[in-house]
Amino acid sequence: MPIVILILTAVGGAIWFWVRSNPRQALDVAADAVTVARNAPRKLAFRRQTKAHPVEGIDDPNIAICALAQAFIELDNLPTAEQRSRLDKMLRKRCSPAEAEEIQVLGRWLVAQCGTPEAAIAKLSRRLYKIDGSASWAALQDILMALVGDVLSPRQADAVAEMKRAILR
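Residues numbered from 1 in each chain as written. Predicted model: local features only at pLDDT ≥ 70, side-chain atom pairs only at ≥ 80, totals over all residues. Heavy atoms only, no water.

Attention shifts here to the environment of Ala 112. Mapped onto the fold, Ala 112 is located in helix H5 (residues 97-114). Overall, Ala 112 belongs to the exposed group, its relative accessible area being 54%. Sequence spacing of Ala 112 and Ala 67 is 45 residues, and the spatial spacing of their C-alpha atoms is 9.9 Å. (Helix = DSSP H or I, 4+ residues; strand = E, 2+ residues; numbered from the N terminus. Buried < 20%, exposed > 50% of the residue type's maximum accessible area, 1.4 Å probe, protein only.)

Right, dumping it as structure tokens:
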């Protein structure tokens, strides 16, 4: 513990010294970080609409697929680290590592905005159908089966039926 305190003190001192010697540069770095955080959803083809649910702002099928996968693994229990790492690997096959990380953060936020995983699955499935038709069903099915394997719980089986009904009209 004393080593951790020593390291944190050293890092804090270095940051304090850097800010004191370069205040303008420190402010520019902070402003850049805020701008990057503010523009991340726009970069990911997410647009916030007035008086509309955040799920209605999704324009990229990858975001909807990731959010559906996260809601799916949250149905019975909290997702395990293994499930999260498998999802990350599957997303990195579809897009760049930085974009995969941003999509996962946005996906978790979208699921939280829906309230429950069941509500998220219903809304996200309908939105995925609106933006991509049934073209994403195969990719979504591959990701879901890779996350949970061959054995589905009753809630997950119901969720797959709900997704299939919404996407494969």
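Our next topic: helix H7 (residues 137-148). Look at H7: 17 Å from first C-alpha to last across 12 residues, which is about the 16 Å you get at 1.5 Å a residue. Residues of H7 that are buried: Trp 137, Ala 139, Leu 140, Ile 143, Leu 144, Leu 147 and Val 148. Along the long axis of H7, the arc covered by the buried residues comes to 165 degrees, so they all point the same way. Packing partners of the buried residues in H7 comprise helix H3 (61-73), helix H4 (81-94), helix H6 (117-132) and helix H8 (154-167). Directly after H7, the chain includes Gly 149, whose backbone phi takes a positive value near 85 degrees. (Expected span 1.5 Å × (residues − 1). Arc of directions from axis to C-beta. Contact = heavy atoms within 4.5 Å.)

Moving on to the state of the cysteines. Using the criterion set out here, one finds 0 disulfides in the structure. Cys 95 supplies the cysteine sulfur nearest to Cys 66, a cysteine that is in no disulfide, at a spacing of 8.5 Å. Residue class for Cys 66 comes out buried when judged on its relative accessible area of 0%. (Disulfide = S-S within 2.5 Å.)

With 18 residues, H5 extends 26 Å from end C-alpha to end C-alpha; this agrees with the ideal 26 Å at 1.5 Å per step. Turning to H5, its buried residues number three or more, namely Ala 100, Ile 103, Gln 104, Leu 106, Gly 107, Leu 110, Val 111 and Cys 114. Looking at the packing, one finds that the buried side of H5 touches H3, H4 and H6. Once H5 ends, the next one or two residues include Gly 115, with phi positive near 100 degrees.

So, on to the side chain of Asn 62. Counting through the fold element by element, Asn 62 comes out in helix H3. Polar side-chain contacts of Asn 62 include one of 2.8 Å to the side chain of Arg 94. (Polar contact = N/O pair within 3.5 Å; in protein donor to acceptor, adjacent residues only side chain to side chain.)

Take the nonpolar core next. Among the nonpolar cores identified, the biggest contains 38 residues, and Phe 72, Leu 124, Leu 140 and Met 163 are the most heavily contacted of them. Secondary structure elements with two or more residues in this core: H3, H4, H5, H6, H7 and H8. With 10 residues, H3 is the largest single contributor of residues to this core. Look past the residues within four positions of Met 163 in its chain and what remains in contact with it is Leu 68, Phe 72, Ile 121, Ser 125, Trp 137, Leu 140, Leu 144 and Leu 168. (Core = buried A, V, L, I, M, F, W, Y, C linked by side-chain atoms within 4.5 Å.)

This brings us to the pattern of salt bridges. Scanning all chains against the criterion turns up 7 salt bridges. In this structure, Lys 130 and Glu 56 form a salt bridge, with 3.8 Å as the shortest nitrogen-oxygen distance. Of this pair, Lys 130 sits in helix H6 while Glu 56 sits in the loop between helix H2 (23-43) and H3, and the two are 74 residues apart along the sequence. Judged by its relative accessible area of 28%, Glu 56 is partly exposed. Note that Arg 165 and Glu 162 form a salt bridge whose closest N and O atoms lie 2.8 Å from each other. Here the residue Arg 165 and the residue Glu 162 both occupy positions in helix H8, the gap between them amounting to 3 residues, near one helical turn. A relative accessible area of 55% means that Arg 165 is categorised as exposed. Residue classification places Glu 162 among the partly exposed residues on the basis of a relative accessible area of 25%. A cluster of three or more residues bridged by salt bridges with shared partners is formed by Glu 56, Asp 59, Arg 127 and Lys 130. (Salt bridge = Lys/Arg side-chain N within 4 Å of Asp/Glu carboxyl O.)

These figures capture arrangement, not role.
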